[in-house]
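# Structural characterization, general
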There are 4 protein chains.
Amino acid sequence: MIDMSTGVAQRDVLMEQFRKVRRDTELICAPLAIDDYQVQSITETSPPKWHIAHVTWFFEEFVLSHFNSSYKPFHPRYAYLFNSYYETVGSMQPRAKRGVLSRPTVEEIYTYRRYVDDHMQSLALNLDESQWNKFYQRVTLGLHHEQQHQELLFMDIKHNLSVNPLKPAYHEQRQMPFTPLAPMQWIERQGGVQSIGHQGDAFSFDNETPRHQVLLQDHQLASRLVTNGEYRDFIEDNGYQRPELWLADGWYLIQQQGWQQPLYWELQGDKWWQFTLAGMQKLELDEPVCHLSFYEADAYARWAGARLPTEPEIESMLTEQPIAGNFVNHEILHPLPGKGQWYGDVWEWTASAYSPYPGFQPLGGSMGEYNGKFMCNQMVLRGGCCVTPENHIRATYRNFYYPQDRWPFTGLRLARD
Amino acid sequence: MIDMSTGVAQRDVLMEQFRKVRRDTELICAPLAIDDYQVQSITETSPPKWHIAHVTWFFEEFVLSHFNSSYKPFHPRYAYLFNSYYETVGSMQPRAKRGVLSRPTVEEIYTYRRYVDDHMQSLALNLDESQWNKFYQRVTLGLHHEQQHQELLFMDIKHNLSVNPLKPAYHEQRQMPFTPLAPMQWIERQGGVQSIGHQGDAFSFDNETPRHQVLLQDHQLASRLVTNGEYRDFIEDNGYQRPELWLADGWYLIQQQGWQQPLYWELQGDKWWQFTLAGMQKLELDEPVCHLSFYEADAYARWAGARLPTEPEIESMLTEQPIAGNFVNHEILHPLPGKGQWYGDVWEWTASAYSPYPGFQPLGGSMGEYNGKFMCNQMVLRGGCCVTPENHIRATYRNFYYPQDRWPFTGLRLARD
Amino acid sequence: MIDMSTGVAQRDVLMEQFRKVRRDTELICAPLAIDDYQVQSITETSPPKWHIAHVTWFFEEFVLSHFNSSYKPFHPRYAYLFNSYYETVGSMQPRAKRGVLSRPTVEEIYTYRRYVDDHMQSLALNLDESQWNKFYQRVTLGLHHEQQHQELLFMDIKHNLSVNPLKPAYHEQRQMPFTPLAPMQWIERQGGVQSIGHQGDAFSFDNETPRHQVLLQDHQLASRLVTNGEYRDFIEDNGYQRPELWLADGWYLIQQQGWQQPLYWELQGDKWWQFTLAGMQKLELDEPVCHLSFYEADAYARWAGARLPTEPEIESMLTEQPIAGNFVNHEILHPLPGKGQWYGDVWEWTASAYSPYPGFQPLGGSMGEYNGKFMCNQMVLRGGCCVTPENHIRATYRNFYYPQDRWPFTGLRLARD
Amino acid sequence: MIDMSTGVAQRDVLMEQFRKVRRDTELICAPLAIDDYQVQSITETSPPKWHIAHVTWFFEEFVLSHFNSSYKPFHPRYAYLFNSYYETVGSMQPRAKRGVLSRPTVEEIYTYRRYVDDHMQSLALNLDESQWNKFYQRVTLGLHHEQQHQELLFMDIKHNLSVNPLKPAYHEQRQMPFTPLAPMQWIERQGGVQSIGHQGDAFSFDNETPRHQVLLQDHQLASRLVTNGEYRDFIEDNGYQRPELWLADGWYLIQQQGWQQPLYWELQGDKWWQFTLAGMQKLELDEPVCHLSFYEADAYARWAGARLPTEPEIESMLTEQPIAGNFVNHEILHPLPGKGQWYGDVWEWTASAYSPYPGFQPLGGSMGEYNGKFMCNQMVLRGGCCVTPENHIRATYRNFYYPQDRWPFTGLRLARD
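Rules and cut-offs
- Residues numbered from 1 in each chain as written.
- Chains lettered and ligands numbered in written order.
- Predicted model: local features only at pLDDT ≥ 70, side-chain atom pairs only at ≥ 80, totals over all residues.
- Heavy atoms only, no water.
- Helix = DSSP H or I, 4+ residues; strand = E, 2+ residues; numbered from the N terminus.
- Rg over C-alpha atoms; globule rule 2.2 N^0.38 Å.
- Buried < 20%, exposed > 50% of the residue type's maximum accessible area, 1.4 Å probe, protein only.
- Least-squares fit on C-alpha atoms with pLDDT ≥ 70 in both.
- Contact = heavy atoms within 4.5 Å.
- Buried area = accessible area lost by both parts, 1.4 Å probe.
- Salt bridge = Lys/Arg side-chain N within 4 Å of Asp/Glu carboxyl O.
- Polar contact = N/O pair within 3.5 Å; in protein donor to acceptor, adjacent residues only side chain to side chain.
- Nonpolar A, V, L, I, M, F, W, Y, C, P; charged D, E, K, R; others polar.
- Domains from an automatic or database assignment.
- Pairing = 2+ DSSP bridges.
- Axes fitted to C-alpha atoms, helices over the stretch in contact; angles between N-to-C directions.
- pLDDT = per-residue confidence, 0-100.
- Parallel < 35°, antiparallel > 145°, perpendicular 65-115°, else oblique.
- Phe/Tyr/Trp six-rings, centres within 6.5 Å; stacked < 30°, edge-to-face > 60°.
- Lys NZ or Arg CZ within 6 Å of the ring centre and 35° of its normal.
- Core = buried A, V, L, I, M, F, W, Y, C linked by side-chain atoms within 4.5 Å.

## Things to note about the overall build of chain A
- Regarding its fold elements, chain A presents 9 helices and 14 strands.
- Compactness check: chain A gives a C-alpha radius of gyration of 22 Å against a globular reference of 22 Å for 417 residues, within 12% of the reference.
- Across its three principal directions, the C-alpha atoms of chain A cover 65 × 55 × 40 Å.
- Within chain A, the proportion of its 417 residues that are buried is 60%.

## Examining the relation of the copies chain A and chain D
- Laying chain A over chain D is done by rotating through 180 degrees and shifting 0.0 Å along the axis; what remains is an RMSD of 0.0 Å. Overall, the copies show the geometry of a two-fold rotation axis.
- A share of 100% of interface residues in chain A that are also interface residues in chain D marks the association as one of identical surfaces.

## Details of the environment of Gln255 of chain B
- Its place among the elements puts Gln255 of chain B in helix α7 (residues 248-257).
- A sequence separation of 14 residues divides Gln255 of chain B from Gln241 of chain B, and the C-alpha atoms of the two residues are 9.3 Å apart.

## Concerning the interface of chain C and chain D
- Taken together, the contacts link 28 residues of chain C with 28 residues of chain D.
- Counting each side, the surface lost to burial between chain C and chain D is near 2200 Å², with a carbon and sulfur contribution of 60%.
- If you sort the residues of chain C by the area they bury against chain D, Leu215, Cys376 and Asn377 of chain C come out on top, with a joint share of 20%.
- Applying the counting criterion to the chain C and chain D interface returns 0 salt bridges.
- Applying the counting criterion to the chain C and chain D interface returns 10 residue pairs in polar contact (both at pLDDT 80 or more).
- Elements supplying a minimum of two residues to the side of chain C that touches chain D: β3 (212-216), α7 (248-257) and α8 (294-303) of chain C.
- Taken together, the residues of the side of chain C that touches chain D break down into 17 nonpolar, 6 polar and 5 charged.

## Points about the arrangement of the chains
- Separating chain A from chain C is a minimum C-alpha gap of 14 Å, and the two share no contact.
- Chain B makes no contact with chain D; the smallest distance between any of their C-alpha atoms is 14 Å.

## Topic: the pattern of salt bridges
- One pass over the full model with this rule turns up 104 salt bridges over all chains.
- Taking the shortest distance from any N to any O, the salt bridge between Glu26 of chain B and Arg114 of chain B comes out at 2.7 Å. Taken together, the residues span a long stretch of sequence, with Glu26 of chain B in helix α1 (residues 11-29) and Arg114 of chain B in helix α4 (residues 106-126) at a distance of 88 residues.
- Bridged by salt links that share partners, the residues Arg22, Glu26, Arg113, Arg114, Asp117 and Glu146 of chain A form one connected network.

## Digging into the side chain of Gln220 of chain C
All names here are of chain C.
- Tracing the backbone through its elements, the reader meets Gln220 in strand β4 (residues 219-222).
- For Gln220, a relative accessible area of 10% corresponds to the buried category.
- Engagement of the side chain of Gln220 in a polar contact is seen with the side chain of Glu188, the distance being 2.4 Å.
- With near-sequence residues (within four places) excluded, Gln220 lies in contact with Trp186, Ile187, Glu188, Leu414, Ala415, Arg416 and Asp417.

## Here we look at the domain arrangement of chain A
Residue and element names in this part refer to chain A.
- Looking at chain A, the domain boundaries give domain 1 (11-162) and domain 2 (186-416).
- Using C-alpha coordinates to define each centre, domain 1 is positioned 27 Å away from domain 2.
- If you look at the interface, domain 1 gives 27 residues, while domain 2 gives 32 residues.
- Each partner contributes to the roughly 2600 Å² buried at the junction of domain 1 and domain 2, and carbon and sulfur atoms together form 66% of this total.
- When residues of domain 1 are sorted by the area they lose upon contact with domain 2, Glu151, Met155 and Lys158 head the list and together hold 28% of the total.
- For the pair domain 1 and domain 2, the number of links is 0 salt bridges.
- If you look at where domain 1 meets domain 2, you find 15 residue pairs in polar contact (both at pLDDT 80 or more).
- Listed by contribution, the elements that provide at least two residues to the side of domain 1 that touches domain 2 are α2 (48-67) and α5 (132-162).

## Some details on the sheet that holds strand β7 (residues 279-282) of chain D
All names here are of chain D.
- Strand order in the open sheet formed by 3 strands is β5-β6-β7, with antiparallel pairing between adjacent strands. Two strands lie at the open edges of the sheet, namely β5 (265-268) and β7, each paired on one side alone. Pairwise comparison of adjacent strand axes, ignoring direction, gives a mean angle of 35 degrees for this sheet.
- Relative to β7, strand β6 (residues 271-276) runs antiparallel, the two sharing 4 bridges.

## Here's the deal with the confidence of the model for chain A
- For chain A, per-residue confidence averages 95 on the pLDDT scale, and 98% of positions sit at 70 or higher.
- This model gives residues 1-8 of chain A a pLDDT under 50, and the stretch forms 16 contacts once residues within four places in sequence are excluded.

## What to know about the packing of helix α2 (residues 48-67) of chain B against helix α5 (residues 132-162) of chain B
Residue and element names in this part refer to chain B.
- It is the contact of α2 with α5, at a shortest axis distance of 9 Å, that shows an interaxial angle of 170 degrees. In terms of axis orientation, α2 runs roughly antiparallel to α5.
- Class assignment of the residues belonging to the contact of α2 with α5 gives a composition of 16 nonpolar, 7 polar and 4 charged.

## Section: the sheet that holds strand β10 (residues 347-353) of chain B
All names here are of chain B.
- Here 4 strands make up an open sheet; going across it, the order is β12-β11-β10-β13 and the pairing mixed. In this open sheet, the two strands that pair with only one neighbour each are β12 (399-401) and β13 (410-411).
- Pairing analysis gives 2 bridges linking β10 to β13, with the strands arranged parallel. Residue pairing in the sheet places Glu348 in a bridge with Gly411 of β13.

## As for the relation of the copies chain C and chain D
- Rotating chain C by 180 degrees and moving it 0.0 Å along the rotation axis overlays it on chain D with an RMSD of 0.0 Å.
- Both copies share a contact surface, since 100% of the interface residues of chain C are interface residues in chain D too.

## Some points on the environment of Ala395 of chain B
Residues and elements named next belong to chain B.
- Tracing the sequence through the fold places Ala395 in the loop between β11 (379-382) and β12.
- Residue classification places Ala395 among the buried positions, given a relative accessible area of 14%.
- In this structure, the C-alpha to C-alpha distance between Ala395 and Tyr343, residues 52 residues apart in sequence, is 8.8 Å.
- With near-sequence residues (within four places) excluded, Ala395 lies in contact with Glu315, Leu318, Thr319, Tyr343 and Arg382.

## Observations regarding the packing of aromatic side chains
- Overall, the coordinates contain 170 aromatic pairs over all chains when judged by the stated rule.
- Their ring planes at 50 degrees and their centres at 5.6 Å tell us that Phe74 of chain A and Tyr78 of chain A sit as a pair that is tilted.
- The exposure class of Phe74 of chain A is partly exposed, given its relative accessible area of 26%.
- Measuring from centroid to centroid gives 5.7 Å for Phe294 of chain D and Trp349 of chain D, while their planes differ by 70 degrees, and the two rings are edge-to-face. Taken together, the positions of Phe294 of chain D in helix α8 (residues 294-303) and Trp349 of chain D in strand β10 (residues 347-353) put the pair 55 residues apart, joining distant regions of the chain.
- By relative accessible area, which is 3% here, Phe294 of chain D ends up buried.
- The aromatic ring of Trp342 of chain A is capped on one face by Arg413 of chain A, whose charged end is 3.7 Å from the ring centroid.
- Directly above the ring of Trp50 of chain D sits Arg98 of chain D, whose terminal nitrogen or CZ lies 3.6 Å from the centroid.

## Structural notes on the side chain of Glu315 of chain A
Residues and elements named next belong to chain A.
- With respect to the element layout, Glu315 can be found in helix α9 (residues 311-319).
- In terms of polar contacts, Glu315 uses its side chain to reach the side chain of Arg382, at 2.7 Å.
- In this structure Glu315 touches Ile196, Gly197, Tyr357, Arg382, Ala395 and Thr396, once residues within four positions along its chain are discounted.

## Considerations on the interface of chain A and chain D
- Each partner contributes residues to the interface: chain A has 30 residues there, and chain D has 30 residues.
- Both faces combined, the contact of chain A with chain D buries some 2300 Å², and carbon together with sulfur accounts for 59% of it.
- One can count 4 salt bridges joining chain A with chain D.
- Note that Asp36 of chain D and Arg103 of chain A form a salt bridge whose closest N and O atoms lie 2.6 Å from each other.
- Counting the contacts that link chain A with chain D gives 10 residue pairs in polar contact (both at pLDDT 80 or more).

## Description of the nonpolar core
- By size, the foremost hydrophobic cluster in this structure holds 218 residues, and its most contacted members are Met120 and Phe135 of chain A together with Phe135 of chain B.
- Residue contributions to this core peak at 12 residues, all from α5 of chain A.
- Excluding residues that lie within four positions of it along the chain, Phe135 of chain A makes contacts with Leu14, Val63, Phe67, Met120, Leu123, Ala124 and Leu127 of chain A.
- Listed in part, the 109 residues of the second largest apolar core include Tyr110, Leu283, Tyr295 and Cys386 of chain D.

Rendered as structure tokens:
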């Protein structure tokens, strides 16, 4: 775990974490052919090589150049190539065109990683004590940033492989643990004034702050996630053909795109299959439904006579749960049947638009672009998923995607008044 | 005023209101040439002839056909042509293609209006007492619906004329009342648990319900709207060139569209002009800035070291204010300098995404499509504007537009923590 | 006929023709409601009001302003609004946005027409003899230009009405003359060196010149046009599903657009109907097939074991035929069964790309933009159609459209080696 | 040279040629990193790995499967992945999506090549004598097909590298041979009836047949290609700002795309540079201008008071010239100054639309899709270029591109009447 909660963190502890996170990223890419590193199947996904260069540039730009005025960047144009969206830092390769960059090669990018890792080690050893706290915070942010891209690597690799008619697998499917599906129950939750958001010295992103009071109504939360079997019932009840179940923008979208099922589902004869990181697999009905847009999650909930939980409702519950579940560390890379499922498995769509908390102040400087500027048009998701590192998630963690996004590991849990 | 607050409303009172609202709609169109009725300048706007037919169809579909089983619609295809977005009622002419319908002619549409008006009168007189309450509610909804389209008529006519290089005027500018600009002051507002939303027998839209408690933080509200002069300062301080001021989606949009000023502003030499319903006019610096997208309002607020108010913050204040201001009844059709400006002048963007209130239940049947299905991707605006009928607005009224929309009369007021 | 072949043409003869052509344009519009004048259903079509203003501007810009230095244009912005594509004259309203101009109104445009007509009369009377020849040529060009727009008026009105679900008729269908279908025969045509193109004093467009020699192979021409019945056989033989019959660009287009039949054909139950200027009518099998793209004409010919004729092949034959046929003067406004059909009925697609003749010199000045700059990406059509004025067509006349265009009255005749 | 003109071609001679052409393809790819094989920068270009698989599939589909009924394709889905446009053979990966296929990997594709090469060798040895002629023709077509893709490999690699901000070089620039620029002279050419097109047993594509008579006018041809220096004069004379010089579609295109110079030209300060296969290089004024669209070539010719030559004009001259010039064998991969330049250097745009010759019959079966279906919307180019294999070009060779295409090595020569 990236444990930065102690006030007397040691340099070697931090750099041990640094090496661990950096190594994890490369382990994710280990099964890839060089060819796989290059693909950008849709604008939303990025080539794996871009990810592993971008997270490296993050340390170069925001740590090495920041704390070491004599640092010489590895290559003068990499800032242009691997800047994602930091407008205040400079111009950048257009997002939709990341897939046309054959150079630098994968090999050169790994050399770039070594170069930056070495300079990071050296800087950590030689940094003046007066700068340590700031350095510690920046590096920690950089590591959480890299963990976010670890998630994206799995999501993007999955999509990139899925568009290939050969349907190649990223890994061999493991023996799945037997996890029987628990019946869904409604958990009563009392309303009232509660506090949500992050507080204290432990790491969080700026968008989780400030901790503040919210007023909850009494409500109920489902005891587990919605399953493939339940979602199949929705499909078979003509869920995709009934406009009264859909938000207007969602109805328009599914007409336009011809969506009739979740991303990665495929009907062969009368059997449903789904594409997974282990290739095409029979659809398991007890698994949580995954790769839904917000619109589909919302329509399902309406069909089920329920609704999606709000962000405070789910955070309130997450706070009471241990951080445990089907995370990337289990190496399943796929959601599993179970009960609770509060953390891991699938990112859960909430009914809450991604907005600033009352009194929200973004980080200063370019780091202020990290989260704050996306607080429009997106919806909050909570709880992490099966490709999230266990030490990356928290009860207060706010993830966010556009309502039409389906390529992340997204699913849902029901709520009702 | 459409006063339905009394429990013993009489049939002739209702039908008097009916005739008044219907007549108002036609008065708005009185200055138009037949040619003007036909134009759809962008997908978001509709031809005036479509508006006046659509509001008529609303009464035909949801009142006449509903309460009179032997009612014969004026024309069998008008339901297709003039249905706006009621998917549960049937298919419809695509929104972007409303401007290609030369038939029915304007003349035929006025005949249609007469036909429906006559049948409404007749139905109101002959309706069985047992149906009265339901009829009363439907007609009242239909009248508020028509008032919303009266606003849209002004907005759409303005846009339709604005794209014409001849810059034709809708009306002659009146002698403007002298309304000196008050200095902007910060009004302290206490937080705490408050109730917002509609309650009681008076008319409201379903999206204003249920009344519920919210928790407000302490905050400050500006004593008046942001002016053209203040917004010009933002422009001259390179507001449109500084990415750190903008939400990411807004920054992308202004690059793509080349926006450098509010809609309708035009720099001629070194003087700013703006297109109004009275044609091109010199920009008055003390008037409220108008025809901004949410992104521009939000960027301005950030530049000014402030933020947009939230929906509960502004409703809380509106509740304390008299419903008075520069409404359509004043026939100015343009925002005016002043103080307070809580109602009228411009619809004020809030920081709140348009979401269902806790416990929200849409109206049953097709009327459930009226508001609920738009609760995604849009932002709430409050307070009415200079083309809003005075008896149409309330403290609890929730208007909503997409963040990129600029053709409505949209402006802003600042808030801060 | 606009006969300008005599060297001693009189002023009153010319102006008599002027008045006739101008009046014909207005007669075409006589059945229109004001509403109909405004519609632009697709980018390729123009609102009728734009047509009647544009042809008027043509005389204003290229005759009145040219020959009368003190001429004051009717309105300073009309040159911008009604310039079609004369880049050397100045900037212009984008073509796709002609339909959003509600002003000037139809009434104002008729006033504009009167104004220009009066000035034309006056100029013709007072013009100095030395300028007569040049004036005569310009006016004659302007009249042929207006006749081209008369054709377009019919084509555009037809399309504009066709997109309306009410399927309104432009006129009442007349009693059709009985014209039995002749069996199709192959006419032997000898090859060899021949001359094509225009020569002499009579009017022609510049693209018909210079007359030059071409070398024809021996070939055969069909004795009549392809009929609806024959084209239906092509459809029923899965013509639209067989890629081997299609040019690559055509195959791509019909997939993308979902084309399965000619424009205006509609299958109701098991009966074919088609939209005509007299509204929806049963498909008459003996009539020439009409409203085909070049791709469809070409695919049909390939399916029939034949090909389209080349431009010289068809001109060679046209030269031998009398200029007679189903023209606009017959007021049928629809192609008719028959034999020969060399002129009138439908514009016949040829296999020839629209290219300059050897030695082609465009007219000088802005008039050089009339034809020459379109000599790329378009195909030649020959023979006129049922909405062509009889005195407008010639054996050497070269019409041209893009291969995907279907809204003109386009059809085909077979040829083979 | 691939000499198949002898009637007694031996099997080992053919297979020697086969091995040579196949090896040449791989040598072109030798300088590429694995990463470079994957890129598709625009829809028109293909990833190098797709090219080398596609040409292999061509032999598999049209030779191995055709002549050996027991042949087992290497992989059942490769026909889908690597079919380019043969609709009659089956469905295929959309062209615009060739760049998202990370699998098969480059390594697997080379294995595929070995597999097909081995089976080709084996088939050639064991083929029954009765099938030899047909086999010989198919293999020869396949080799010319592969040579066409060798050209495309250079063109596509150049474009794929050019979009990379790092501007990587494909190869090191060689010592350029000194080739002084000859002054341009007009060569008088007599008109009259001549024959063009292919005849005889030597290989040609079907689109070069049948040989037929054409009638030429007297004309003049420039003695060399237009140079960079001459084209720069056109730019400096505001060639890109003067609509009277442009075809309408070209003018529209350059406005829309913002084209102000040939593809690959870049102004740095006041110096012109250009991207080449050897990276960014100073623009050499004496070199032939290259990477022009047809529209630019046509506009330049008009500006120069000349025109583009027609296809028969240029073929007539090519027939009189030895097949010699700056071809791929010289390994310059860039056009050179010189005189004549009839073959090699740049493909020369002609004024002729790509149409079937009189009496043209495409090859039977799927091979009929090779050329014929593209005979619309494209223009003919002649003479080969600096990446053309010397033994691939002929006087009668008809190349064709869309008028907007600039990524091939395209240039121009002037002609006039």
